[in-house]
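Given next are the chains, with one letter for each unit.
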Amino acid sequence: MYRLGIDLGGTNIVAGLVDEEYKIVAKASCKTNVPRPESSICDSMAEVALKACEKAGVSIDEVESVGIGVPGAVNPKTGIIEYSANLHFHNWEVVKMMQERLNKKVLIENDANAAALGEYLAGSAKGAKNAVAITLGTGVGGGIIINGKIYSGSNFAGAELGHMVIVKDGKECGCGRKGCWEAYSSATGLINLTKEKILSDKMDYSYMLKLADGDINKVNGKTAFDAAAAGDNDAQEVLDTYFGYLATGLVNIINIFQPDVLCIGGGISNQGENLLRPLRKIIEEERYTKHNDKQTILCTCTLGNDAGIIGAAFLD
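Note that this is a predicted model, so its numbers are computed, not measured. (Residues numbered from 1 in each chain as written. Predicted model: local features only at pLDDT ≥ 70, side-chain atom pairs only at ≥ 80, totals over all residues. Heavy atoms only, no water.)

1. A closer look at the packing of aromatic side chains
Evaluation of the coordinates by the stated rule reveals five aromatic pairs. Where Phe-89 meets Trp-92, the ring centres are 4.8 Å apart and the plane angle is 55°; that geometry is what we call tilted. As far as the burial class goes, Phe-89 and Trp-92 line up, both buried. Taken together, the aromatic side chains of Phe-225, Tyr-242 and Phe-243 make up a single cluster linked through ring pairs. (Phe/Tyr/Trp six-rings, centres within 6.5 Å; stacked < 30°, edge-to-face > 60°. Buried < 20%, exposed > 50% of the residue type's maximum accessible area, 1.4 Å probe, protein only.)

2. So, helix H8 (residues 233-257)
Between its terminal C-alpha atoms H8 stretches 36 Å, which fits the 36 Å expected from 25 residues at 1.5 Å a residue. Taken as a whole, H8 has its buried residues at Ala-235, Val-238, Leu-239, Tyr-242, Phe-243, Leu-246, Ala-247, Gly-249, Leu-250, Val-251, Ile-253 and Ile-254. Looking one or two residues beyond H8, the residue adopting positive phi is Gln-258, at roughly 45°. (Helix = DSSP H or I, 4+ residues; strand = E, 2+ residues; numbered from the N terminus. Expected span 1.5 Å × (residues − 1).)

3. Digging into the sheet that holds strand S1 (residues 2-8)
Read across the open sheet, the five strands follow the order S3-S2-S1-S4-S8; overall the sheet is mixed. At either margin of the open sheet sits one strand with a lone partner, and together these are strand S3 (24-31) and strand S8 (105-110). Neighbouring strand axes in the sheet, compared pairwise and without regard to direction, differ in orientation by 20° on average. Where strand S4 (residues 63-70) and S8 come together, six bridges link them in parallel fashion. Bridged to Gly-67 within S8 is Leu-107. Contacting S1, strand S2 (12-18), S3 and S4, helix H1 (residues 38-56) crosses the sheet at an angle of about 145° to S3. In the packing of helix H10 (residues 306-313) onto the sheet, the strands contacted are S1, S2, S3 and S4, and the crossing angle to S1 comes to about 130°. (Pairing = 2+ DSSP bridges. Axes fitted to C-alpha atoms, helices over the stretch in contact; angles between N-to-C directions. Contact = heavy atoms within 4.5 Å.)

4. Looking at the side chain of Glu-119
Relative to the assigned elements, Glu-119 resides in helix H3 (residues 111-122). Within the structure, the side chain of Glu-119 is placed 2.9 Å from the backbone nitrogen of Ser-124, a separation counted as a polar contact. One polar contact links the side chain of Glu-119 to the main-chain amide nitrogen of Thr-302, over a distance of 3.3 Å. Excluding its chain neighbours within four sequence positions, the residues that come into contact with Glu-119 are Ser-124, Ala-125, Lys-126, Cys-263, Cys-301, Thr-302, Leu-303, Gly-304 and Ala-307. (Polar contact = N/O pair within 3.5 Å; in protein donor to acceptor, adjacent residues only side chain to side chain.)

5. A word on the packing of H1 against helix H2 (residues 94-102)
Two elements in contact, H1 and H2, have axes whose closest approach is 10 Å; the angle formed by their N-to-C orientations is 50°. Between H1 and H2, the angle falls in the class oblique. Relative to H2, the crossing made by H1 is right-handed. Of H2, the residues touching H1 (which contributes Glu-38, Ser-39, Cys-42, Asp-43, Met-45, Ala-46, Ala-49 and Leu-50) are Val-94, Met-97, Met-98, Arg-101 and Leu-102. (Parallel < 35°, antiparallel > 145°, perpendicular 65-115°, else oblique. Left-handed = near helix turned anticlockwise from the far one by under 90°.)

And the structure:
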């Protein structure tokens, strides 16, 4: 038997047919094109799901269930997306609507939780009992696995790790609070730090700005890393500041959950050891369990965008 996993994003809808070994057999996708009616998005999700089956030469009758990962507040018990800023919907009965279209058992989960489950089943956290996955993107997504199960709290809104405050009365976050980890440690946070450095100190010349073709609006999450690799001291200062903020949140997570594995995903994780090495140094100095034999393994996620598809497919 197979399962279908659907990643419903603000930009793309991607469906993957997944076998019992957690391998994606075939994928299909389309643009989300929001805002548009709920029924229209459900039509598109059903279409890409069936297209993935068709690509693999598999009948929908051979599919056991369909799982959907969604950004926002999701209630897996009721099958309702209660709120999603990216999709512009409130109280969307997505499970009911998709069951009508596919005549299959349908489950939903927050996309970061689904991605964490995917990494736990088939990625960098495979074999762990407890794991935490974070994604450094526009914001900071989080997923917590405890004893092999997604932990989402009593109201299914747990694991919003990006919204713990690390700087009291600090930078304003998109959630309305000040000083959130997300405001400092997301890819957006790194880009903002890079821009601030370029604009500070009345710099007559900036190598980071040169890498951005002289246009500050072209600064991205790689700019400081690329400049530092070339020996630029200003870029290294940016990264040292960024690593400090990011490590503060990571140490908090380790102290609270003591996971076997803490894996980092998102575009910034492509920096690999250039990211992990300085983070491990700070964590080793600051973690509460520095004298324990067993320590949390810090690593990058290995499944990329496939993590959410695999995790969604194996929701139960």
